[in-house]
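# Coordinates in review
Now for the letters of each chain:
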Amino acid sequence: MKFIGFAGWSGSGKTTLIEQVITVLEARGLVVSLIKHAHHEFDIDYPGKDSHRHRHAGCREVLVTSAKRWVMMHELRGRSELTLSEALSQLASCDVVLVEGFKHEPIPKIEIYRPEIGKPALYPDDPCVIAVASNVPLATALPQLDINDPAAVAAFVLQALALDQPTGLSR
């Protein structure tokens, strides 16, 4: 499974850029999946729903399915969170996985950098950063991508992963 990371500080525009890159890759016929790392507690369920009640009653896993989508919720109940490798193994086959977050994971990644948010760039200290998407020119030998040009960022992803053609995976 081919994957590439998108890393940067909160507020840098990672989610917006990734959303736009997904649209470009999907339009090229690629099957795209995403893993997002959250640094805080999150919930896709809410009180009053049957699945929420079942999880809080003690279920480790709850799978909800319909004609449109399905979701599996897995309660860790004190066990360690998934590693990136474990998370990747949970996904169905696809052409490319975009990984948002996991900024300290030793994977190839594109840094999303906006100096105006007041945080330091990651690329000077992270040898896994293979390009920087920014809204300003930077003093680096790394490839620089325009954060406002998702087609160029998508083209870089395709080149970096040697993904010229969709694999023909069923949707």
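A short tour of the structure in this document, coming up. Think of each chain on its own: its residues are numbered from 1, step by step along the sequence as written. Where local features are concerned, this predicted model is filtered to residues with pLDDT of at least 70; where side-chain atom pairs are given and counted, the filter is 80 or more; whole-chain, interface and lining totals use all residues. Where side-chain values are given, they derive from all heavy atoms of the structure, hydrogens and water being excluded.

## Some thoughts on the layout of surface pockets
A volume near 1,600 Å³ is recorded for the largest pocket. With a 1 Å grid spanning the protein atoms alone, the term cavity applies to any set of points in which a 1.4 Å probe fits but cannot get out, the term pocket to an open set with protein on both sides within 12 Å along at least five of seven lines, and the term lining residue to any residue with an atom within 4 Å of a point. Along the walls of the largest pocket sit 28 residues, with F42, M72, M73, H74 and L82 positioned nearest its centre. The secondary structure listing takes helices from DSSP runs of H or I that are at least 4 residues long and strands from runs of E that are at least 2 residues long, numbered from the N terminus. Taken together, the elements giving at least two residues each to the lining of the largest pocket come down to β2 (32-36), α2 (50-57) and β4 (70-74). Side-chain classes follow a simple rule in which Ala, Val, Leu, Ile, Met, Phe, Trp, Tyr, Cys and Pro form the nonpolar group, Asp, Glu, Lys and Arg form the charged group, and the remainder, Gly included, forms the polar group. Residues belonging to the lining of the largest pocket are distributed by class as follows: 15 nonpolar, five polar and eight charged. Grid points are joined across faces, edges and corners, and a volume is the space filled by probe spheres set on the points. If you add up the space inside the second largest pocket, you get close to 300 Å³. When grouped by side-chain class, the residues that make up the lining of the second largest pocket number four nonpolar, 10 polar and four charged.

## A short note on the packing of aromatic side chains
Here a Phe, Tyr or Trp ring, Trp counted by its six-membered ring, pairs with any other such ring whose centre lies within 6.5 Å, and the pair is stacked when the planes are under 30 degrees apart, edge-to-face when over 60, and tilted otherwise. For the coordinates displayed, the defined rule picks out zero aromatic pairs. By definition, being over a ring means that NZ of Lys or CZ of Arg is both within 6 Å of the ring centre and within 35 degrees of the ring normal. Between K103 and the ring centre of W9, over which it is positioned, the NZ or CZ distance is 3.9 Å. Directly above the ring of W9 sits K119, whose terminal nitrogen or CZ lies 5.1 Å from the centroid.

## Some thoughts on the nonpolar core
Here, the term nonpolar core denotes a set of buried Ala, Val, Leu, Ile, Met, Phe, Trp, Tyr and Cys residues that are joined through side-chain atoms within 4.5 Å. We call a residue buried when its accessible area falls under 20% of the maximum for its residue type, exposed when it is over 50%, and partly exposed in between, using a 1.4 Å probe and counting protein chains only. Counting 23 residues, the largest nonpolar core has F6, L25, L98 and I110 as the members making the most contacts within it. No other element matches the five residues that helix α4 (residues 150-160) contributes to this core. Excluding anything up to four places from it in sequence, L25 contacts L30, V32, V96, L98, A154 and L158. By size, the runner-up hydrophobic cluster in this structure holds 10 residues, among which are V31, I35, L88 and I107. By definition, residues are in contact when any of their heavy atoms lie within 4.5 Å.

## Digging into the sheet that holds strand β6 (residues 109-113)
Spatially, the six strands line up as an open sheet ordered β2-β5-β1-β6-β7-β8, and their pairing is parallel. Single-partner strands in this sheet number two, and they are β2 and β8 (144-146). Put simply, the sheet's adjacent strands are angled 25° from each other on average, direction ignored. Where strand β1 (residues 3-7) lies against strand β5 (residues 96-100), four bridges are found, and the strand directions are parallel. Any two strands with at least two DSSP-identified bridges between them are counted as paired. To get an axis, a line is fitted to the C-alpha atoms, and for a helix only the part in contact is used. The angle between two axes follows their N-to-C directions and goes from 0 to 180 degrees.

## Digging into α2
Of all the residues in α2, the buried ones are S51, H52 and R55. Buried residues of α2 fall within an arc of 100° about the axis and therefore sit on the same side. The exposed residues of α2 that point more than 90 degrees off its buried face are R53 and A57. On its buried face, α2 sits against β3 (61-65) and β4. Two residues or fewer past α2, G58 is found with a positive phi of approximately 130°. As used here, the arc belongs to the directions running from the helix axis to the C-beta atoms.

## Looking at the pattern of salt bridges
Here a salt bridge means any side-chain nitrogen of Lys or Arg lying within 4 Å of a carboxyl oxygen belonging to Asp or Glu. Evaluation of the coordinates by the stated rule reveals four salt bridges. In this structure, the salt-bridge partner of E75 is R55, at a minimum N-O distance of 2.3 Å. Taken together, the residues E75 in the loop between β4 and α3 (84-89) and R55 in helix α2 connect sequence positions 20 residues apart. Given a relative accessible area of 6%, R55 falls into the buried group.

## Some remarks on the packing of helix α1 (residues 14-27) against α4
When two helices pack together, their arrangement is captured by the angle between the axes and the distance separating the axes. Relative orientation of the contacting elements α1 and α4 amounts to 70°, with a least axis distance of 9 Å. Between α1 and α4, the crossing angle belongs to the class labelled roughly perpendicular. Crossing handedness for the pair α1 and α4: right-handed. Note on element contacts: α4 touches α1 through P150, A151, V153, A154 and L158, opposite L17, Q20, V21, V24 and L25. Class assignment for the residues of the contact of α1 with α4 results in nine nonpolar, one polar and no charged. Reported orientations rely on four angle classes, namely roughly parallel under 35 degrees, roughly antiparallel over 145, roughly perpendicular from 65 to 115, and oblique for the rest. In a left-handed crossing the near helix is turned counterclockwise from the far helix by less than a right angle, and in a right-handed crossing that turn is clockwise.

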